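Residues per chain, in single letters:
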Amino acid sequence: MSPQSPPSLDALRKRGLEPLKLAALVAVLYAGFSSIYIVYSSWLASHLGHTPHEIRMVETGKGILFVLITAALLSAIVFHWSRRARRQEELLVNMERRSLAASYNAALAHDLNNLLMTFNALLGEMRDLEGANAFLRGTREQLERGIESLGGLSRRLAASAANRETGRTTPVDLRDTLTRAAALVRKHPDLLGRTLTLPEVTAVTLTLDQDLLVHAFINLVLNAAQAMPRGGRIEVRAVDAGCAVHLEVHDDGPGVPAEIAARIFEAGFTTKRQGTGLGLLSARHFAETCGGGIQLLRSPLGGALFRITIPRR
């Protein structure tokens, strides 16, 4: 289930009145209401006031009532239009973020394709030299699997930049897929000195995009590792909750500060000097393609817990 695309700028302009029309409308409504009030209240005062004192009291009451009514009306108008302006501003900001993410994706896909071509050429040379060396053969096969996964990522980046979804879903053995992905990510330099374990991964088959799952898993693990500058522990759990499966990545790091917790899934937002802000966005995208969601919680280990909820099809 992909999120609905935001309306275009033209559509946003058409939804509201132009400033001049809005000002004219408010002026007409105010003049009409004031005229009706003055005529009616004057008629009422002529029937209620018989002495100068009574007329003064009626006129004073009329003035106070008029001020209260107009203040309430103006407050309601300002409140309504401020809420409308805020919603439109949020839509525009979301459009800018998605445009930024698409630009990142296009650039990353281009650079990644160039690297993959180089790696494939190197693997071809490695295949010619490995001979009967079992270690070289195993290393080369593992590299080929990693490059194949990167190729899928490159295609998705290009599709995302063009506002298209790949939509490739297949039955996936969750435990087997996460075990193989963990073996791959353990070789990443950011995992040096960290412990990655999968103590609680339920044996379950889900229908989803396997490549998106792998990359979401890798991004969450790397995010946890990068939050622990001096080593630490990362645990991956997959719990069958009946109508859904919870994929959880726990760590014993410092956790996510409360002041940035609400922004960590935004496109381009990062606290790392060399970060792109796309890792957690990738995890959120995977959760949305499954019709589920992603949450940031506190882990029993003491650090952060990222939980992706994957509904059963």
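Residues numbered from 1 in each chain as written. Predicted model: local features only at pLDDT ≥ 70, side-chain atom pairs only at ≥ 80, totals over all residues. Heavy atoms only, no water.

Trainee: Just to check I follow, could you spell out the overall build of the protein chain for this structure?
Mentor: When helices and strands are counted, the protein chain shows 8 helices and 7 strands. When the 313 residues of the protein chain are sorted by exposure, 31% land in the buried category. In the protein chain, once contacts between residues fewer than 6 apart in sequence are set aside, the share between residues at least 24 apart is 70%. Surface accessibility of the protein chain: about 19000 Å² in total, with carbon and sulfur atoms responsible for 60%. (Helix = DSSP H or I, 4+ residues; strand = E, 2+ residues; numbered from the N terminus. Buried < 20%, exposed > 50% of the residue type's maximum accessible area, 1.4 Å probe, protein only. Contact = heavy atoms within 4.5 Å. Areas by Shrake-Rupley, 256 points an atom, 1.4 Å probe, with all protein chains shown as cover.)

Trainee: In this structure, what is going on with the pattern of salt bridges? I would like to understand it.
Mentor: When the charged atoms of two side chains lie near each other, side chains of opposite charge can form a pair. One pass over the structure, following the stated rule, counts 7 salt bridges. Two residues, Asp 240 and Arg 312, come together in a salt bridge whose shortest N-O distance is 2.5 Å. Taken together, the residues Asp 240 in strand β4 (residues 232-240) and Arg 312 in the segment after β7 (304-311) connect sequence positions 72 residues apart. We classify Asp 240 as partly exposed; its relative accessible area is 36%. (Salt bridge = Lys/Arg side-chain N within 4 Å of Asp/Glu carboxyl O.)

Trainee: Looking at this structure, I do not really get a nonpolar patch on the surface. What am I missing?
Mentor: On the surface, a cluster of nonpolar side chains totalling about 330 Å² of accessible area is made up of Tyr 40, Trp 43 and Leu 44. Inspection of the secondary structure puts Leu 44 in helix α2 (residues 19-48). Given the relative accessible area of 32%, Leu 44 is considered partly exposed. (Patch = residues over 30% accessible without salt bridge, like charges linked within 9 Å, V, L, I, M, F, W, Y side chains within 5 Å.)

Trainee: How should I be thinking about the pairing of strand β3 (residues 205-208) in this particular structure?
Mentor: Successive residues of a regular strand alternate their side chains across the two faces of the sheet. Burial along β3 is one-sided: the face carrying Leu 206 and Leu 208 is buried and the face carrying Thr 205 and Thr 207 is not. Bridge count between strand β1 (residues 170-173) and β3: 4 bridges; the pairing is antiparallel. Looking across to β3, one finds that Pro 171 is bridged to Thr 207. (Pairing = 2+ DSSP bridges.)

Trainee: Looking at this structure, I do not really get the nonpolar core. What am I missing?
Mentor: Side chains of nonpolar character tend, in soluble globular proteins, to be buried together. One finds Phe 217, Ile 234, Phe 286 and Ile 308 to be the most contacted residues of the largest nonpolar core, which totals 42 residues. When residues of this core are traced back to their parent elements, those giving at least two are α5 (174-185), β2 (194-201), β3, α6 (210-226), β4, β5 (244-251), α8 (279-289) and β7. Broken down by element, the residue count for this core peaks at 11 residues, all from α6. Beyond its immediate chain neighbours, meaning those up to four positions away, Phe 217 contacts Leu 178, Ala 181, Ala 182, Val 185 and Val 236. (Core = buried A, V, L, I, M, F, W, Y, C linked by side-chain atoms within 4.5 Å.)

Trainee: Help me understand the packing of α6 against α8, please; the structure alone is not making it clear to me.
Mentor: Packed helices, taken two at a time, are described by their axes: the angle between them and the distance between them. Where α6 contacts α8, the two axes come as close as 8 Å, and the packing angle between them is 145 degrees. Here α6 and α8 pass one another in a crossing that is left-handed. Counting all contacts with α6, which are made through Leu 212, Leu 213, His 215, Ala 216, Asn 219, Leu 220 and Asn 223, the residues of α8 involved are Gly 279, Leu 280, Ser 282, Ala 283, His 285, Phe 286 and Thr 289. (Axes fitted to C-alpha atoms, helices over the stretch in contact; angles between N-to-C directions. Left-handed = near helix turned anticlockwise from the far one by under 90°.)

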